[in-house]
Amino acid sequence: MNNPFDNAINQLEKALEYVKLTPEQSERLKYPEKIITVNFPVEMDNGQKKLFHGYRVQYSSKRGPYKGGIRFHHQVDMNEMKALAFWMAVKCAVADIPMGGGKGGVEVDPKKLSDKELEKLSRAYVAAIANEIGPEIDVPAPDVNTTSQIMNWMVDEFMRIRSRNQKIGNSEKSRLMATFTGKPLTNGGSEGRTAATGRGGFYVLEALLEKIKPNMKEGRKLTVAIQGFGNVGYYIAKFLYDAGFSIAALSDSRGAIVVNKIGQDSLNPEEVFKCKKEKGSLAGCYCVGSVCDLKLGRNITNTEILELPVDILVPAALENQLNEKNAPRIKANIILEMANGPTTPAADEIFFKKNITVIPDVLANSGGVTVSYFEWKQNLENQKWSEKKVNSLLKDKMTKASLDIFEIARVKQTDLRTAAFITAVRRLTSAS
Ligand code: GLU
């Protein structure tokens, strides 16, 4: 089994070869500042109480408050949380936003909970960590299986706890709202946040495509396969489709769909989304143009999707999907990592040798936390920015980060991930 934290440290070690640090500085990067473990009961619909296990890892506050999502998933464990929190620290440094790195999670399969149970669980988790978070301390956000609705419950619970002992005025309320990002628009959220991770990934690809693979297009539409059809997978699919890429295949946690004629037919992500909602499953949603027809495609597994003959592969689900086993069979030319940690170090090496370019997670998916930072700032300054402003600031940030990292990779002759880590290590330690 691949331990994600070992993988993260392995990625760091590669970058440390290029940056001069004291032993203490490099050791410090390998440990989170603080780990919070919570075990709390929630009353289920059947009246029985059940104990849940949760975490919040506060990795680095060197550049600002800890920042990172909360994940609800049955595979959540300490090593995963540590890795994800570290990647957040690296990501915030790469995007050059004044925030540190953190991550939280609860070991639970939320699909097995009723809405009421989900709300109770969200509130109970926040109550358990309430003393450890706040706008200047630690700022959680959505991650796998957590939505703006869940952020709404969480911020509400947090406010309720804080107003027990003190009266909260309007400006203090807005400030405290900055404890969570990814909130609904109607309750302190930012324009553009929901689509931000996907949009950011699109801007990164746009900035790098010609540089990393000149002439790849040759007048044809580039083909894409996307693993994961949650918030991130859906939006990156939509932005790529709208920009004229051909979406050959999509998958969710239960399976994948692929068009019969890769390169000729493209799935329409919006239609697929509607179809999936109606049917409750992705299977059979071969929606090409505005038509969803069983004859247009077939079902495959969500691991087979990774090995399709496409130009661009987008892992947008979980860690360790691309590993030493399947890496030799990957046919894409570019891997755009919209998930966190989808590629193991062994797979990275295989891709480097095969001249497959990996656009690393800490750059590719940093649009989400970048707009989270914009949301935090708007709350603290009691402002509301337009969607146009948010998207244009996001584009500037993503383009600059992409070009900076491309340049470091070129000068140091490394892969893009190592270049991103070199940048982050310098920023996290103020080293040169
Ligand atoms: N969960 C997202 C990530 O992994 C967003 C984190 C945030 O907005 O703080 O980047």
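Residues numbered from 1 in each chain as written. Predicted model: local features only at pLDDT ≥ 70, side-chain atom pairs only at ≥ 80, totals over all residues. Heavy atoms only, no water.

Per an unreviewed UniProt entry, the recorded name for the protein chain is Glutamate dehydrogenase, and the organism is Candidatus Gottesmanbacteria bacterium GW2011_GWA2_43_14. According to its UniProt record, the protein chain has this under Sequence similarities (unreviewed entry): "Belongs to the Glu/Leu/Phe/Val dehydrogenases family." (UniProt positions renumbered as here; feature names shortened; annotations may be inferred.)

Draft legend 1. Representation of the state of the cysteines within the structure. This model, assessed by the stated rule, comprises two disulfides. Covalent S-S linkage joins C275 and C285, the inter-sulfur distance amounting to 2.1 Å. Taking the sign of the S-S torsion, -80° for the link of C275 and C285, the bridge is left-handed. Within this pair, whereas C275 is found in helix α9 (residues 269-279), its partner C285 is found in the loop between α9 and β9 (287-288), the two being separated by ten residues in sequence. Classification of C285 as buried rests on a relative accessible area of 0%. (Disulfide = S-S within 2.5 Å. Helix = DSSP H or I, 4+ residues; strand = E, 2+ residues; numbered from the N terminus. Buried < 20%, exposed > 50% of the residue type's maximum accessible area, 1.4 Å probe, protein only.)

Draft legend 2. The arrangement of the layout of surface pockets in detail. Its boundaries defined by the atoms lining it, the second largest pocket holds a volume of some 380 Å³. Around the second largest pocket, the lining is made up of 17 residues, and of these F352, T357, T414, D415 and L416 lie nearest the centre. When residues of the lining of the second largest pocket are traced back to their parent elements, those giving at least two are α7 (193-212), α10 (345-353), β14 (357-359), α13 (387-412) and α14 (416-429). Residues belonging to the lining of the second largest pocket are distributed by class as follows: eight nonpolar, four polar and five charged. (1 Å grid on protein atoms, 1.4 Å probe; cavity = no way out; pocket = protein on both sides within 12 Å on 5 of 7 lines; lining within 4 Å. Points joined across faces, edges and corners; volume = space filled by probe spheres on them. Nonpolar A, V, L, I, M, F, W, Y, C, P; charged D, E, K, R; others polar.)

Draft legend 3. Examining empty space enclosed by the protein more closely. Applying the stated rule across the entire model yields one cavity of 30 Å³ or more. Looking at the largest cavity, its volume works out to about 40 Å³. If you trace the largest cavity, you find it lined by N10, Q11, K14, P345, D348, D415 and R417. Ranked by residue count, the leading element in the lining of the largest cavity is helix α1 (residues 4-16), at three residues. Residues of the lining of the largest cavity, tallied by class, amount to one nonpolar, two polar and four charged.

Draft legend 4. Representation of the nonpolar core in the model. Ranked by internal contacts, the top residues of the largest apolar core, which has 112 residues, are I312 and I359. At eleven residues, the largest contribution of residues to this core is made by helix α3 (residues 78-94). Judged by nonpolar contacts, the second largest core, of 31 residues, contains Y125, W153, M154 and M177. (Core = buried A, V, L, I, M, F, W, Y, C linked by side-chain atoms within 4.5 Å.)

Draft legend 5. Spotlight on the UniProt feature "site: Important for catalysis" (unreviewed entry) in the protein chain. Under the feature "site: Important for catalysis" (unreviewed entry), the UniProt entry names D143. Secondary-structure assignment places D143 in the loop between β5 (138-142) and α5 (148-162). Not counting chain neighbours up to four residues away, the residues in contact with D143 comprise G69, I70, R71, K103 and N340. Separated by 2.6 Å, the side chains of D143 and R71 make a polar contact. (Contact = heavy atoms within 4.5 Å. Polar contact = N/O pair within 3.5 Å; in protein donor to acceptor, adjacent residues only side chain to side chain.)

Draft legend 6. Here's a closer look at the sheet that holds strand β3 (residues 66-73). Spatially, five strands are ordered β1-β2-β4-β3-β5 in an open sheet, and the strand pairing comes out mixed. The open sheet has two free edges, formed respectively by β1 (34-43) and β5, since each of these has just one partner strand. Between one strand and the next, the sheet's axes are offset by a mean angle of 25°, whatever the strand orientation. Pairing geometry for β3 and strand β4 (residues 101-107), over four bridges, is parallel. Directly across from H73, in β4, lies its bridge partner E107. Here α3 sits on the sheet and contacts β1, β2 (49-60), β3 and β4; the angle it forms with β4, its principal contact strand, is near 150°. (Pairing = 2+ DSSP bridges. Axes fitted to C-alpha atoms, helices over the stretch in contact; angles between N-to-C directions.)

Draft legend 7. Focus on the packing of aromatic side chains. Scanning the entire structure with this criterion turns up 15 aromatic pairs. An angle of 70° between the planes, with centres 6.1 Å apart, marks the rings of F158 and F180 as edge-to-face. You can see F158 sitting in helix α5 and its partner F180 sitting in the loop between α6 (170-177) and α7, a full 22 residues away along the chain. Each member of the pair, F158 together with F180, is buried. One aromatic cluster in this structure is built from F229, Y234, Y235, F239 and F273. In this structure, K389 packs its charged tip against the face of W385, placed 4.4 Å from the ring centre. (Phe/Tyr/Trp six-rings, centres within 6.5 Å; stacked < 30°, edge-to-face > 60°. Lys NZ or Arg CZ within 6 Å of the ring centre and 35° of its normal.)

Draft legend 8. Seen up close, the UniProt feature "active site" (unreviewed entry) in the protein chain. UniProt tags K103 as "active site" (unreviewed entry). Relative to the elements of secondary structure, K103 occurs in strand β4. With relative accessibility at 1%, the residue K103 sits in the buried group. Residues contacting K103, with those up to four places away along its chain left out, are Y55, R56, V57, G68, G69, M81, L84, A85, M88, D143 and N340.

Draft legend 9. Representation of the environment of E375 in the model. By the element assignment, E375 lies in helix α12 (residues 366-380). E375 sits in the buried class, given a relative accessible area of 0%. Sequence separation of E375 and D348 is 27 residues, and the distance between their C-alpha atoms is 34 Å. In this structure E375 touches F180, T181, G182, K183, G188, G189, S190 and R193, once residues within four positions along its chain are discounted. In this structure the side chain of E375 is engaged in a polar contact, spanning 2.8 Å, whose partner is the side chain of K183.

Draft legend 10. Region of interest: the site of the ligand. Lining the immediate surroundings of the ligand are 14 residues, of which K67, K91, P142, D143 and S372 lie closest. The separation between an oxygen atom of the ligand and a polar side-chain atom of K67 is 2.7 Å. For the ligand, an oxygen atom lies 3.0 Å from a polar atom in the side chain of N340. Bound to the protein, the ligand loses 94% of the 290 Å² it would expose on its own. Elements represented by at least two residues in the shell around the ligand include exactly β3, α3, β5 and α12. Classifying every residue of the shell around the ligand by side-chain character gives four nonpolar, five polar and five charged. (Near = heavy atom within 4 Å. Areas by Shrake-Rupley, 256 points an atom, 1.4 Å probe, with all protein chains shown as cover.)

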